[in-house]
Amino acid sequence: MPDSRPQPPPRPPSSSPFPASGPAGPAPLLLCGARLTDGRTVDVRLGGGRIEAVGTAGSLATDGTRACGTRIDLTGYLLLPAPAEPHAHADTALSADVGGPVSYDPRDVRRRTAEAALLQLGHGATALRAHVRVGDVAGLGALTAVLQARRSLRGLAELTTVAMPRVLTGVAGADGLAVLRDAVKMGASVVGGCPDLDPDPTGYVEAVLEVASEHGCPVDLHTDAADPARLARFAAMAGGLRPGVTLGPCGGLAGLPAEAAARTADRLAANGVTVVCLPQGGCGGVNRRGTPPVRLLRSAGVRVAAGSGALRDVSNPVGRGDPLEAAYLLASRHGLPAEEAYDAVSASARAVLGLPEVRVEAGFPAELLAVRGDRLSGALSLAYSRLVVHRGRVVARTSAVREYCGSASAEPGLPRQGRGEVS
């Protein structure tokens, strides 16, 4: 079995896996010999947090006036825009093995949030959206802890928060609504929650949209989407809201008759609603597991992104939080081409978070993931070795080594394998 634990890789004489930053920011960085999805082998020069130049291999060794900074040899690696995580649950992550109720002690939440974010950063996600419970048992303590973890992660990964109250209607909902407004004032940048759990789901959505409109926030709601009429109402209410509305994981759409699912997809597209699916498993905000019909949604014009959902909490004790696994499942189980599957965890996921587009072209943000392999389908299949770049700086590196023992037989045609083969 390949060892996928982070290991310090062999360092070429001319490079370091983690180039130092100076007072003015990350030092210039030259990524050498990387392969792009179009088949080209290129050098990529980074500076000031952006991609400065992309040229044929060996062409960017100097710009004629200065050396190009630290060099990293990416021969054998595929260079991609970095993925993003649009649906994480930071406050409950890594709690499955604790036993008993989840601790919302701020110290525990802060530690779990930081560990989970670093785990996902190692997989390649340089930006994450964390749904955080507010009100009732959690109060505002969990949100405070997640915001503290966000500050400690500065320079490594971008973490934004979604405030999730449980009830917003009726007498019981008055406190939830006050807490939600306080959460936004504290620093929650997205308004969310679970309308399916409120006695009045439509009233819940109305309250969320009102708060979001007051503060100019995006909306990100959990729903099973098993009731097409209710989902149509949600979509109509959300239509035209800026900066936008996201629904997920919408697993109930998979159980609708084909005609009802198609009509619902058309309504979502017409109202500009984005769907975030969770192909790796569910999360605590909804009861129904499953992945919506992503091909149908995409063909109707709905933006579809993919997230990880539960990361080793009671909703999914074996959740990996790996965006490349989410893309792999969309390709292998749901029939998306590899390029569309990766788009769901990269370009579309970044759009959900309101982040600028990334391409491996000059002028774009230097948010990159290098994966050992020569084409995207292979990278989704065996993505063991990875190098992650955030704001033009290498922030994580994982090197996996596979070794084969010697064979006593000399079977004709058996490929020769040497020690130290890198996977």
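Everything numeric here is computed off the predicted structure, so don't read it as measured data.

Procedures and definitions
Residues numbered from 1 in each chain as written. Predicted model: local features only at pLDDT ≥ 70, side-chain atom pairs only at ≥ 80, totals over all residues. Heavy atoms only, no water. Patch = residues over 30% accessible without salt bridge, like charges linked within 9 Å, V, L, I, M, F, W, Y side chains within 5 Å. Areas by Shrake-Rupley, 256 points an atom, 1.4 Å probe, with all protein chains shown as cover. Salt bridge = Lys/Arg side-chain N within 4 Å of Asp/Glu carboxyl O. Lys, Arg positive; Asp, Glu negative; His and termini not counted. Charge placed at Lys NZ, Arg CZ, Asp CG, Glu CD. Helix = DSSP H or I, 4+ residues; strand = E, 2+ residues; numbered from the N terminus. Buried < 20%, exposed > 50% of the residue type's maximum accessible area, 1.4 Å probe, protein only. Arc of directions from axis to C-beta. Polar contact = N/O pair within 3.5 Å; in protein donor to acceptor, adjacent residues only side chain to side chain. Pairing = 2+ DSSP bridges. Axes fitted to C-alpha atoms, helices over the stretch in contact; angles between N-to-C directions. Contact = heavy atoms within 4.5 Å. pLDDT = per-residue confidence, 0-100. 1 Å grid on protein atoms, 1.4 Å probe; cavity = no way out; pocket = protein on both sides within 12 Å on 5 of 7 lines; lining within 4 Å. Points joined across faces, edges and corners; volume = space filled by probe spheres on them. Nonpolar A, V, L, I, M, F, W, Y, C, P; charged D, E, K, R; others polar. Parallel < 35°, antiparallel > 145°, perpendicular 65-115°, else oblique. Left-handed = near helix turned anticlockwise from the far one by under 90°.

**So, a positive patch on the surface**
Item 1. Together, R110, R150, R151 and R154 make up a positively charged patch on the protein surface.
Item 2. Tracing the backbone shows R150 in helix α2 (residues 141-152).
Item 3. The exposure class of R150 is partly exposed, given its relative accessible area of 34%.

**Description of helix α5 (residues 228-238)**
Item 1. Along α5, the positions that sit buried rather than exposed are L231, A232, F234, A235 and A238. Buried residues of α5 fall within an arc of 160° about the axis and therefore sit on the same side.
Item 2. If you check the start of α5, you find a side-chain oxygen 3.0 Å away from the backbone N of A229, and it comes from D227.
Item 3. One or two steps after α5, the chain reaches G240, where phi turns positive at roughly 85°.

**Brief notes about the pattern of salt bridges**
Item 1. Counted by the stated rule, this structure contains 18 salt bridges.
Item 2. Between D108 and R111 there is a salt bridge, with the nearest N and O atoms lying 3.9 Å from each other. A residue pair is termed a helical-turn pair when its members lie 3 or 4 positions apart in one helix, as D108 and R111 do in helix α1 (residues 106-123) at three residues.
Item 3. A salt bridge links E115 to R111, with the nearest nitrogen and oxygen atoms 3.9 Å apart. With E115 and R111 both in helix α1 and four residues apart, this pair spans about one turn of that helix.
Item 4. When salt bridges with common partners are traced through the structure, they connect D108, R111 and E115 into a single cluster.

**Quick look at the sheet that holds strand β8 (residues 85-88)**
Item 1. Across the sheet, eight strands lie side by side as β8-β9-β10-β11-β12-β13-β14-β15; this open sheet has parallel pairing. Each end of this open sheet is capped by a strand with a single partner; those strands are β8 and β15 (304-306). This sheet shows a mean twist of 25° between the axes of neighbouring strands, independent of strand direction.
Item 2. Looking at chain direction, strand β14 (residues 274-277) and β15 are connected through three bridges and run parallel. From the neighbouring strand, V276 faces β15, where its bridge partner is A305.
Item 3. Sitting on the sheet, α2 touches β9 (127-133) and β10 (158-164), and the angle it makes with β10 is about 170°.

**Looking at the confidence of the model for the chain**
Item 1. Of all residues in the chain, 87% have pLDDT values of 70 or greater, and the mean over the chain is 88.
Item 2. Segment residues 417-423 is flagged for pLDDT under 50; beyond a separation of four residues in sequence, or across chains, it makes 15 contacts in the model.

**Describing the environment of L156**
Item 1. Tracing the chain through its elements places L156 in the loop between α2 and β10.
Item 2. Placed 237 residues apart in sequence, L156 and R393 show a C-alpha to C-alpha distance of 8.9 Å.

**Some thoughts on the pairing of strand β3 (residues 29-35)**
Item 1. Among the seven residues that make up β3, six are buried, leaving the element largely enclosed by the rest of the structure.
Item 2. As defined by bridge partners, β3 adjoins strand β4 (residues 41-47) across five bridges and the pair is classed as antiparallel. Counted as the bridge partner of R35 is T41 from β4.
Item 3. Between β3 and β4, which pair antiparallel in sequence order, lie five residues; one of them, G39, sits at a positive phi of approximately 95°.
Item 4. Here β3 runs beside strand β6 (residues 70-73); their pairing, made up of four bridges, is parallel. From the neighbouring strand, L30 faces β6, where its bridge partner is R71.

**Quick notes on empty space enclosed by the protein**
Item 1. Enumeration over the complete set of coordinates arrives at three cavities of 30 Å³ or more.
Item 2. Along the walls of the largest cavity sit A88, H89, A90, A93, T113, A116, A117, Q120, L128, A130, L159 and L311, which together make up its complete lining.
Item 3. Secondary-structure elements contributing two or more residues to the lining of the largest cavity are α1 and β9.
Item 4. With four residues, the single largest contributor to the lining of the largest cavity is α1.
Item 5. When the residues that make up the lining of the largest cavity are grouped by side-chain class, the tally is nine nonpolar, three polar and no charged.
Item 6. Lining the second largest cavity are V205, L209, V219, L221, F234, A235, A238, V245, L247 and V273.

**Quick look at the packing of helix α3 (residues 170-186) against helix α4 (residues 201-215)**
Item 1. At a minimum axis distance of 11 Å, the contact between α3 and α4 shows a crossing angle of 30°. As summarised for this structure, α3 and α4 are arranged roughly parallel, according to the angle between their axes. Remark: the crossing between α3 and α4 carries right-handed chirality. Taken together, the residues of α4 that come into contact with α3 (itself represented by L177, L180, R181 and V184) are A207, E210, V211, E214 and H215.
Item 2. Each residue belonging to the contact of α3 with α4 can be placed in one class, and the counts come to five nonpolar, one polar and three charged.

**Things to note about the side chain of Q280**
Item 1. Structurally, Q280 is set in the loop between β14 and α7 (294-300).
Item 2. Since its relative accessible area comes to 14%, Q280 is described here as buried.
Item 3. Not counting the four nearest positions on each side in its chain, Q280 is found in contact with G307, S308, N316, R320, G321, D322, E325, A326 and L329.

**Details of unusual backbone geometry**
Item 1. In this chain, R242 is followed by P243 through a cis amide linkage whose omega measures 15°.
Item 2. By the element assignment, P243 lies in the loop between α5 and β13 (245-249).
Item 3. The omega torsion of the bond from G248 to P249 falls at -5°, within 30 degrees of zero and hence cis.
Item 4. Take P249: it is sitting in strand β13.
Item 5. In this structure, C250 takes a positive phi of about 60° despite not being glycine.
Item 6. By the secondary structure assignment, C250 is in the loop between β13 and α6 (258-270).
Item 7. The phi dihedral of R312 is positive, around 55°, even though this residue is not glycine.
Item 8. Secondary-structure assignment places R312 in the loop between β15 and α8 (323-332).

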